[in-house]
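Now for the letters of each chain:
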Amino acid sequence: MRKSNIGKIGLIISTAINVILFILSVIYKTNNIYDFYWISIMLLILFEIYFILQVDKCLNDHDNNIKSIRRIYDDSSMACLFMFFALFTTILALNQFTEFDKNNIYIIVIMFVMTLANLWILYASISNANKETSKLLNNIK
């Protein structure tokens, strides 16, 4: 349980850092703040992966119904994480191999919106898994 709290706290702190750096990058528009913003995105991805793994350990496989709930949770959270990571690596690859500018304010805003959508979908999938599990356990009793 303690490890799950570490993942949750790390995800909250990295999200707060990401929001602060987004606001600073919109206001000041300097390359150093842009670079710190992209580093915070990488930190957020790492904490999100750690959090998903910790939540995944907490789910138990006692029943076939719980296995199906776990499967739906795993699919939705990993698909969302994969799309977020694919967008991030595409932006970095375009910046590396072409004249694409990752420090464009529109790209940063799009990435910030995708970050919020990604976190919202992650929390929604966890909430749905918890609701379905509690409903299933109430029906068993």
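Residues numbered from 1 in each chain as written. Predicted model: local features only at pLDDT ≥ 70, side-chain atom pairs only at ≥ 80, totals over all residues. Heavy atoms only, no water.

Engineer: Tell me about the overall build of the protein, residues and numbers included.
Structural biologist: Counting its secondary structure elements, the protein contains 4 helices and 0 strands. Tracing the protein from N to C terminus, the helices and strands come up as α-α-α-α. Classification of the 141 residues of the protein by burial places 35% in the buried group. Contacts in the protein between residues at least 24 apart in sequence constitute 74% of all its contacts with a sequence separation of at least 6. (Helix = DSSP H or I, 4+ residues; strand = E, 2+ residues; numbered from the N terminus. Buried < 20%, exposed > 50% of the residue type's maximum accessible area, 1.4 Å probe, protein only. Contact = heavy atoms within 4.5 Å.)

Engineer: Explain the packing of aromatic side chains to me, and be specific about the residues and the numbers.
Structural biologist: Applying the stated rule across the entire model yields 5 aromatic pairs. Considering the side-chain rings of Phe-22 and Tyr-37, the 6.4 Å spacing of their centres and the 50° angle between planes classify their relative orientation as tilted. Taken as a pair, Phe-22 in helix α1 (residues 2–28) and Tyr-37 in helix α2 (residues 31–58) lie far apart in primary sequence, 15 residues in all. Exposure class is identical for Phe-22 and Tyr-37. Each is buried. For the pair Phe-22 and Phe-112, a centre-to-centre distance of 3.9 Å together with 0° between the ring planes defines the contact as stacked. With Phe-22 in helix α1 and Phe-112 in helix α4 (residues 105–140), the pair connects residues that are 90 residues apart, well separated along the chain. In this structure, Phe-22 and Phe-112 share a single accessibility class: buried. Put simply, the rings of Phe-22, Tyr-37, Trp-38, Phe-88 and Phe-112 pair up and form one aromatic cluster. (Phe/Tyr/Trp six-rings, centres within 6.5 Å; stacked < 30°, edge-to-face > 60°.)

Engineer: Please give an account of the side chain of Ser-14 that cites residues and values.
Structural biologist: With respect to the element layout, Ser-14 can be found in helix α1. Overall, the relative accessible area of 1% leaves Ser-14 in the buried class.

Engineer: If you had to explain a nonpolar patch on the surface to someone new, which residues and values would you point to?
Structural biologist: On the surface, a cluster of nonpolar side chains totalling about 320 Å² of accessible area is made up of Ile-9, Ile-13, Ile-17 and Leu-43. The element that contributes the greatest number of residues to the nonpolar patch is α1, accounting for 3 residues. If you trace the backbone, Leu-43 turns up in helix α2. (Patch = residues over 30% accessible without salt bridge, like charges linked within 9 Å, V, L, I, M, F, W, Y side chains within 5 Å. Areas by Shrake-Rupley, 256 points an atom, 1.4 Å probe, with all protein chains shown as cover. Salt bridge = Lys/Arg side-chain N within 4 Å of Asp/Glu carboxyl O.)

Engineer: Requested: an account of the side chain of Thr-115, with residues and values cited.
Structural biologist: Mapping Thr-115 onto the fold places it in helix α4. By relative accessible area, Thr-115 is classed as buried at 2%. When sequence neighbours within four positions are dropped, the list of residues in contact with Thr-115 reads Asn-18, Ile-41, Leu-44 and Phe-84.

Engineer: How would you sum up the nonpolar core? Please name residues and give values.
Structural biologist: It is characteristic of soluble globular proteins that their nonpolar side chains tend to be buried jointly. With 14 residues, the main nonpolar core has Tyr-37, Trp-38, Ile-41, Phe-88, Ile-108 and Met-111 as its most contacted residues. Taken together, the elements giving at least two residues each to this core come down to α1, α2, α3 (64–97) and α4. Here this core gets 5 residues from one element, more than from any other, and that element is α2. Residue contacts for Tyr-37: discarding those within four places in its chain leaves Asn-18, Leu-21, Phe-22, Ile-108, Met-111 and Phe-112. Within the second largest apolar cluster, 11 residues are counted, among which are Leu-44, Val-55, Leu-81 and Ile-126. (Core = buried A, V, L, I, M, F, W, Y, C linked by side-chain atoms within 4.5 Å.)

Engineer: Tell me about the environment of Tyr-37, and name the residues and values.
Structural biologist: Look at Tyr-37 and you get buried, because its relative accessible area is 0%. As a C-alpha pair, Tyr-37 and Ile-108 span 71 residues in sequence and 8.5 Å in three-dimensional space. There is a polar contact of 3.5 Å between the side chain of Tyr-37 and the backbone oxygen of Ile-108. (Polar contact = N/O pair within 3.5 Å; in protein donor to acceptor, adjacent residues only side chain to side chain.)

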